Amino acid sequence: MLTAIVGINWGDEGKGRMVDLLSSDYDVICRYQGGNNAGHTVINEKGKFILNLLPSGILRETCVNVMGNGMVIDLEHLYKEIKTLADQGIKITPENLKISDRAVICFPFHKMQDILEEERLREKRFGSTRRGIAPVYSDKYMKKALRMNDLLSFDTLKDKLRDIIEWKNLTISGGYRSEEIVLEDMLNWVNEYGSKFVPFITDTSKYLLSAIEDNKNIMFEAQLGALRDIEFGIYPYTTSSHTLAAYAPIGAGIPSKKLDYVIGIMKAYSTCVGEGPFTAELFGEEASKLREAGAEYGAATGRPRRVGGFDVPASRFGVQLQGSHCLALTKLDVLGYLDRIPVCVAYEIDGERTTEFPVGDRLVRAKPVYEYLEGFKADISKCRKKEELPKAALDYIKFIEESVGCPIKYVSVGPRREDYIVME
Ligand code: GDP
């Protein structure tokens, strides 16, 4: 069984929490895109964990975790993330973590370039997480990146890195007039953080293909959500990778395989980190109450998230892009304080009402059309069965299901592993 678990919205839907829950049925968990620019928060019987790069299956002894070729890996960040988890009692070895030999290395100069560009843009900035993701993916497509397999041969790595740094300095010390990148410094960085990962470097395509042969269950874990996809998201306020389920076979290194099942993770309201069009955005007291109720601050950066009501046009588009077979609706408990629940049911663009999700400047001009549904005014975090949910909560779930055109199979009512309801 090949299953992808993906975000329907702008990210931060609670994918990590759902992967942690559903991973009990899977032998292998594979991350297939992105880097340490987003964070999954997972709370289970072992404690509270923040994962930026590692697949969420790392918290289960029975899972083998794969970091696929579609990822970009900041070695220093990975080193520190593993150390923090080790301090929390999680064992990470080449047995339970396999890193693709084709995954791209994110260097300190990528981070530097990200920061320099955001600062140059000032008020026109993208709201980047400043983790170097856009520069490192650009370099990958410029064919000027180093990959994990380069760590296996220090001499050739040195030659390649020298050439790359000579080119990169045209931008860093030339264009931006920042401090020059020095080869020695970068080699020391590689030595300090990269050499530790040599035993983890694997031909993960081969590993996954043989796992498929052995009828193992494999889950592909995405980062961020459909609306952040580089092609179909709110470009240019997207990430630089493909956040869609369709990319999983490529980013995991098994392009000849087809997914059996896609689970979309969708939040009961909207949140968005950074800049860019966010049509359903709420402001003032209505927004701050929702932000506080949902503790909406970024896991990777601590930034307050922009918030809004559930966005029908955006979520329906997300469900279609992901090709979801079913959905998990998360954070429904957060809405328990509301007398009436705001829902953005459509957009108004140039005086016309639409439920289609627009592209480019039309999206920028879109205004939300809000309707209000009856609030359930209850703490539902202890509910474990559909029958225990108040009628207004069931009505809200049904409304969302119908408006996005996909069944909601799971409802999450709290951050801990056991806080969920199966709706069948
Ligand atoms: P991810 O990147 O999609 O995994 O999402 P994040 O980890 O950034 O954000 C989800 C946050 O919401 C985390 O702090 C979770 O612990 C929390 N969370 C997830 N599901 C629920 C839920 O159903 N209810 C509540 N109250 N919190 C949740």
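Above this text sits the structure in question.
Residues numbered from 1 in each chain as written. Predicted model: local features only at pLDDT ≥ 70, side-chain atom pairs only at ≥ 80, totals over all residues. Heavy atoms only, no water.

Helix and strand content of the protein chain: twelve helices and 20 strands. Rg of the C-alpha trace for the protein chain: 22 Å, near the compact-globule value of 22 Å for 424 residues, within the 12% margin. Dimensions along the principal axes, computed over C-alpha positions, put the protein chain at roughly 65 × 50 × 40 Å. Sorting the 424 residues of the protein chain into buried and exposed places 58% on the buried side. Within the protein chain, contacts between residues at least 6 apart in sequence are counted, and of these 75% link residues at least 24 apart. Counting every atom, the protein chain has about 18100 Å² of accessible surface; 50% of that belongs to carbon and sulfur. Seen as two clouds, the 56 positive and the 61 negative side-chain charges of the protein chain have centres 0 Å apart. (Helix = DSSP H or I, 4+ residues; strand = E, 2+ residues; numbered from the N terminus. Rg over C-alpha atoms; globule rule 2.2 N^0.38 Å. Buried < 20%, exposed > 50% of the residue type's maximum accessible area, 1.4 Å probe, protein only. Contact = heavy atoms within 4.5 Å. Areas by Shrake-Rupley, 256 points an atom, 1.4 Å probe, with all protein chains shown as cover. Lys, Arg positive; Asp, Glu negative; His and termini not counted. Charge placed at Lys NZ, Arg CZ, Asp CG, Glu CD.)

One open sheet accounts for ten strands, arranged β9-β7-β5-β2-β10-β1-β11-β15-β19-β20; its pairing is mixed. A strand with exactly one partner marks an edge of an open sheet, and here the two such strands are β9 (201–202) and β20 (420–422). In terms of strand pairing, strand β1 (residues 2–7) meets strand β11 (residues 261–267) through five bridges, oriented parallel. Residue pairing in the sheet places I5 in a bridge with I263 of β11. (Pairing = 2+ DSSP bridges.)

All right, on to the packing of helix α2 (residues 75–87) against helix α6 (residues 183–194) then. Here α2 crosses α6 at 25°, and the two axes come no closer than 9 Å. One finds that α2 runs roughly parallel with respect to α6. The two elements α2 and α6 meet at a crossing, and its hand is left-handed. Taking contact as the criterion, the partners of L75, E76, Y79 and K80 in α2 are, on α6, W189, Y193 and G194. Classifying every residue of the contact of α2 with α6 by side-chain character gives four nonpolar, one polar and two charged. (Axes fitted to C-alpha atoms, helices over the stretch in contact; angles between N-to-C directions. Parallel < 35°, antiparallel > 145°, perpendicular 65-115°, else oblique. Left-handed = near helix turned anticlockwise from the far one by under 90°. Nonpolar A, V, L, I, M, F, W, Y, C, P; charged D, E, K, R; others polar.)

If the charged atoms of two oppositely charged side chains come close together, the side chains can form a pair. Using the criterion set out here, one finds 26 salt bridges in the structure. We note a salt bridge from K289 to E285, for which the minimum N-O separation is 3.3 Å. Highlighted residues: K289 and E285, both in helix α9 (residues 284–293), separated by four residues, approximately one helical turn. What emerges from the salt-bridge pattern is a single network uniting D12, K267, E296, R305 and K331. (Salt bridge = Lys/Arg side-chain N within 4 Å of Asp/Glu carboxyl O.)

Mapping S23 onto the fold places it in the loop between α1 (15–22) and β2 (28–31). In contact with S23, other than residues within four places in its own chain, are I29, R60 and C63. In terms of polar contacts, S23 uses its side chain to reach the side chain of R60, at 2.7 Å. (Polar contact = N/O pair within 3.5 Å; in protein donor to acceptor, adjacent residues only side chain to side chain.)

This paragraph deals with unusual backbone geometry. Following Y235, the chain continues to P236 via a peptide bond in cis, the omega torsion being 5°. Among the structural elements, P236 can be located in the loop between β10 (218–225) and α8 (248–252). Backbone geometry places N215, a non-glycine residue, at a positive phi of 60°. Tracing the backbone through its elements, the reader meets N215 in the loop between α7 (204–213) and β10. Judged by its relative accessible area of 67%, N215 is exposed. Here L224, not a glycine, exhibits a phi torsion of approximately 60°, which is positive.

With that settled, consider the nonpolar core. Burial of nonpolar side chains together is a common tendency in soluble globular proteins. Grouped together as the largest cluster of nonpolar side chains are 41 residues, with contacts concentrated most on L54, M148 and L161. Secondary structure elements with two or more residues in this core: β4 (47–51), α2, β7 (97–100), α3 (108–121), α5 (154–175) and α6. A per-element tally of this core places α6 first, with six residues. Once residues within four sequence positions are removed from consideration, L161 is found in contact with F107, F109, L146, L183, M186 and L187. (Core = buried A, V, L, I, M, F, W, Y, C linked by side-chain atoms within 4.5 Å.)

With that settled, consider α9. Among all positions in α9, only A287, L290 and R291 are buried. Relative to the axis of α9, the buried residues are bounded by an arc of 100° and lie together on one face. Seen from the buried face of α9, the exposed residues on the opposite side, beyond 90 degrees, are E285 and E292. Positive phi appears at A295, one or two residues downstream of α9, with a value of about 50°. (Arc of directions from axis to C-beta.)

The subject of this paragraph is the packing of aromatic side chains. All chains considered together, the criterion is met by ten aromatic pairs. When the ring of W10 is compared with that of F278, the centres are 5.0 Å apart and the planes differ by 80°; the resulting orientation is edge-to-face. Of this pair, W10 sits in the loop between β1 and α1 while F278 is found in the loop between β12 (270–272) and α9, placing the two residues 268 residues apart along the sequence. An aromatic cluster is present here, built from Y79, F107, F109, W189 and Y193 joined pairwise through their rings. Against the face of Y207 rests K98, its NZ or CZ located 5.4 Å from the ring centre. The aromatic ring of W167 is capped on one face by K144, whose charged end is 5.2 Å from the ring centroid. (Phe/Tyr/Trp six-rings, centres within 6.5 Å; stacked < 30°, edge-to-face > 60°. Lys NZ or Arg CZ within 6 Å of the ring centre and 35° of its normal.)

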